[in-house]
Amino acid sequence: MAMEFIGAETRMSQMRKDVFTGRWVIVADTATVRPTDFRFKKFVRDAAFCPFCETNEASTPPEVFAIRSSRSSVNGPGWSVRVVPNSNPRLRVEGELGRSSEGFHDLMNGVGAHEIIAETPRHDLSLHELELHEISDVVRAYRARIIDLEGDKRMRYVLIFKNHGEEAGAHTTSHSISRLMALAVTPRAVKTKLMIARDYFGLKERCIYCDVLQQELKGRKRLIAENDNFAAFAPFASRFPFEMVIFPKSHSSAFSRISPEQVGSLAQILRAVLQKLDRTLGSPPYNLWLQDRPFLRPRGGYWNTIEDDFHWHIEILPQIVRATGFEWASGFFYNPVPPETAARCLSPA
Ligand SMILES: [Zn+2]
Ligand SMILES: [Zn+2]
């Protein structure tokens, strides 16, 4: 979507380096951005037949996980969260990896898991409109699927993400869902973070995420929300306007070890920041994803400090401006809204 900055007064931009990825971002010095500059149209859902709605359970592959009432039966109505394999998967769970090469190029079979997590039985609600106990069930479903897939020795990593709104990639359904892909390789974006966190730990014997979190909690100028167990803030080198991260306050490398108390806290802060986004910008499309550590297998090629040096977190990226040739070619980003301004807009005093 094209964006205009009415009344924005630009002085000198800054180049900022992201400590977690080493990526550079050009951040505009635009102190006078108003949230009304970014108003989005209300998200409209289609009324076509939806396989993820309650009572349409027979239209999906059989469920692999569900949180449902004790009186309900498997693959029937009466659930709050339901996980099913994708009927048109990008990766398939059957078969061997079959690693091979073609000259210089490595390849392997498309083995993995591709699942859909229906966050609610209702078609008319978004994640941030659910009750806290319902969002807690979504978090529990994430954890249950990760723990289950960790048992599959072929898998290295589980990526859980969400596309909200068509501009964020939600083309196939307007039902509120998360997507899960179990992968036989660790994604490059995660590997970069892992290696930088390991190097920092090697130097300082501290977790880089814990250190940055302490600084953000002290400075508070990029802080968006906080509760007993989590903090949400706009990263110092935000790539896009209104980008957010959620960090657990106590150090943990693995999302699957989230405590029952943290589940409720995560649901609370997730709902809070997504509601802020919705209130401030009027239902923008966004992507959300979990950055967890890979599965630690014996002889898996990973270092033994990973439990101490990596810190799981969630990233939320509103799709307000598109990447252009500059971003693709350079790996840099240009962000017209400083994260300090974004945090101020999202947390009105
Ligand atoms: Zn639906
Ligand atoms: Zn940490």
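You'll find the structure just up there.
In this report, the structure presented in the accompanying data block is examined. Per-chain numbering applies: the sequence of each chain, read as written, is numbered from 1 onward. Throughout, the order in which chains and ligands are written sets their labels, letters from A for the former and numbers from 1 for the latter. pLDDT decides what is reported in this predicted model: residues at 70 or higher carry local features, side-chain atom pairs at 80 or more are listed and counted, and totals for whole chains, interfaces and linings draw on all residues regardless. Each side-chain value is derived from all of the structure's non-hydrogen atoms; neither hydrogens nor water enter the calculation.

Examining the overall build of the protein chain
Here is step 1 of the chain: Under the scheme used here, helices are H or I runs from DSSP no shorter than 4 residues and strands are E runs no shorter than 2 residues, and both carry numbers assigned from the N terminus. Regarding its fold elements, the protein chain presents seven helices and 15 strands.
Here is step 2 of the chain: The quantity called the radius of gyration is restricted to C-alpha atoms. Its globule counterpart is 2.2 Å times the number of residues to the power 0.38. For 349 residues, the compact-globule formula gives about 20 Å, and the C-alpha radius of gyration of the protein chain, at 21 Å, lands near that figure.
Here is step 3 of the chain: The dimensions of the protein chain, computed from C-alpha atoms along their principal axes, are 60 × 50 × 45 Å.
Here is step 4 of the chain: Residue exposure (1.4 Å probe, protein chains only): buried if accessible area is under 20% of the type maximum, exposed if over 50%, otherwise partly exposed. Every one of the 349 residues in the protein chain was classed for burial, and the buried ones make up 54%.
Here is step 5 of the chain: Split by element, the accessible area of the protein chain, about 16,700 Å² in all, is 54% carbon and sulfur.
Here is step 6 of the chain: For the protein chain, the separation between the mean place of its 45 positive charges and that of its 41 negative charges on side chains is 2 Å. Accessibility throughout is a Shrake-Rupley quantity obtained with a 1.4 Å probe, and a residue counts as covered only by protein chains that appear here. For this count, His and the chain ends are skipped, Lys and Arg are scored as positive, and Asp and Glu as negative. In plain terms, the charge of a residue is placed at NZ if it is Lys, CZ if Arg, CG if Asp and CD if Glu.

Describing the layout of surface pockets
Here is step 1 of the chain: A pocket here means an open set of points on a 1 Å grid, computed over the protein atoms alone, that has protein on both sides within 12 Å along at least five of seven lines. A cavity is instead a set of points where a 1.4 Å probe fits but cannot get out; residues with an atom within 4 Å of a point line either one. Grid points are joined across faces, edges and corners, and a volume is the space filled by probe spheres set on the points. Considering only enclosed or pocket space, the largest pocket measures out at about 930 Å³ in volume.
Here is step 2 of the chain: Lining the largest pocket are 41 residues, and of these Arg90, Phe161, Asn163, Arg179 and Asn287 sit closest to its centre.
Here is step 3 of the chain: Looking at the lining of the largest pocket element by element, the count peaks at four residues for helix α2 (residues 188-204).
Here is step 4 of the chain: Any residue that is not Ala, Val, Leu, Ile, Met, Phe, Trp, Tyr, Cys, Pro, Asp, Glu, Lys or Arg is counted as polar, Gly included; the first ten are nonpolar and the last four charged. Across the lining of the largest pocket, the residue classes break down as 17 nonpolar, 17 polar and seven charged.
Here is step 5 of the chain: In this structure, the second largest pocket encloses a volume near 340 Å³.
Here is step 6 of the chain: Phe43, Val44, Gly165, Glu166 and Glu167 are, among the 20 residues lining the second largest pocket, the residues nearest its centre.
Here is step 7 of the chain: Of the residues in the lining of the second largest pocket, the class split is seven nonpolar, seven polar and six charged.

A closer look at the pattern of salt bridges
Here is step 1 of the chain: Any Lys or Arg side-chain nitrogen found within 4 Å of a carboxyl oxygen on Asp or Glu counts as a salt bridge. Following the criterion strictly, the structure yields 21 salt bridges and no others.
Here is step 2 of the chain: Here Arg198 ties to Asp199 by a salt bridge, and the two come within 3.6 Å at their closest N and O atoms.
Here is step 3 of the chain: Residue class for Arg198 comes out partly exposed when judged on its relative accessible area of 30%.
Here is step 4 of the chain: A single salt-bridge network, built from bridges that share partners, covers Arg16, Glu216, Arg222 and Glu340.

Re the coordination of the zinc ion (ligand 1)
Here is step 1 of the chain: Donor atoms from the polypeptide that bind the zinc ion (ligand 1) are Cys50 (SG), Cys53 (SG), His123 (ND1) and His175 (ND1), placed at 2.0 to 2.3 Å.
Here is step 2 of the chain: Metal-centred angles of 106 to 116 degrees between the four donor atoms at the zinc ion (ligand 1) mark the site as tetrahedral.
Here is step 3 of the chain: Here the donor residues of the zinc ion (ligand 1) share one chain and are spaced in sequence as C-x2-C-x69-H-x51-H. Within this pair, whereas Cys50 is found in the loop between β2 (24-27) and β3 (65-68), its partner His123 is found in the loop between β7 (112-118) and α1 (132-150), the two being separated by 73 residues in sequence.
Here is step 4 of the chain: The class of His123 is buried, set by a relative accessible area of 17%. Only nitrogen, oxygen and sulfur atoms count as donors, using a 2.8 Å cut-off from the metal that widens to 3.2 Å for Na, K and Ca. Water is left out, so coordination shells may look unfilled. Any site counts as irregular unless it has four donors with all angles between 85 and 135 degrees, making it tetrahedral, or four or six donors with opposite ones more than 155 degrees apart and the rest between 65 and 115, making it square planar or octahedral.

Notes on helix α3 (residues 208-219)
Here is step 1 of the chain: In a helix, the anticipated span is given by 1.5 Å times the number of residues less one. The terminal C-alpha atoms of α3, which comprises twelve residues, lie 17 Å apart, in line with the 16 Å expected from a rise of 1.5 Å per residue.
Here is step 2 of the chain: Residues count as neighbours in contact if any of their non-hydrogen atoms are within 4.5 Å of one another. Those residues of α3 that are buried are in contact with α2, β10 (223-226), β11 (230-233), β12 (244-248), α5 (306-309) and β14 (313-318).
Here is step 3 of the chain: The positive-phi residue at the C-terminal boundary of α3 is Arg220, with phi of around 65 degrees.

Description of the coordination of the zinc ion (ligand 2)
Here is step 1 of the chain: Donor atoms from the polypeptide that bind the zinc ion (ligand 2) are Cys207 (SG), Cys210 (SG), His251 (ND1) and His311 (ND1), placed at 2.1 to 2.3 Å.
Here is step 2 of the chain: Geometry at the zinc ion (ligand 2) is tetrahedral, judged from the four donor atoms that bind it and their angles of 106 to 114 degrees at the metal.
Here is step 3 of the chain: Look at where the donors of the zinc ion (ligand 2) fall in the sequence and you get C-x2-C-x40-H-x59-H. Note that Cys210 is positioned in helix α3 and His311 in the loop between α5 and β14, a separation of 101 residues in sequence.
Here is step 4 of the chain: Overall, His311 belongs to the buried group, its relative accessible area being 0%.

Digging into the nonpolar core
Here is step 1 of the chain: Phe242, Ile246, Phe255, Leu266, Val273 and Ile316 are the most contacted members of the largest nonpolar core, which has 69 residues in total.
Here is step 2 of the chain: If one sorts the elements of this core by residue count, helix α4 (residues 260-281) sits on top with nine residues.
Here is step 3 of the chain: Apart from residues no more than four positions distant in its own chain, Ile246 is found in contact with Phe230, Ala231, Ala232, Leu266, Ile269, Leu270, Val273, His313, Ile314 and Ile316.
Here is step 4 of the chain: Among the buried residues, those of types Ala, Val, Leu, Ile, Met, Phe, Trp, Tyr and Cys that are joined through side-chain atoms within 4.5 Å form a nonpolar core. Membership of the second largest hydrophobic core comes to 22 residues, among which are Tyr157, Ala197, Cys210 and Phe233.

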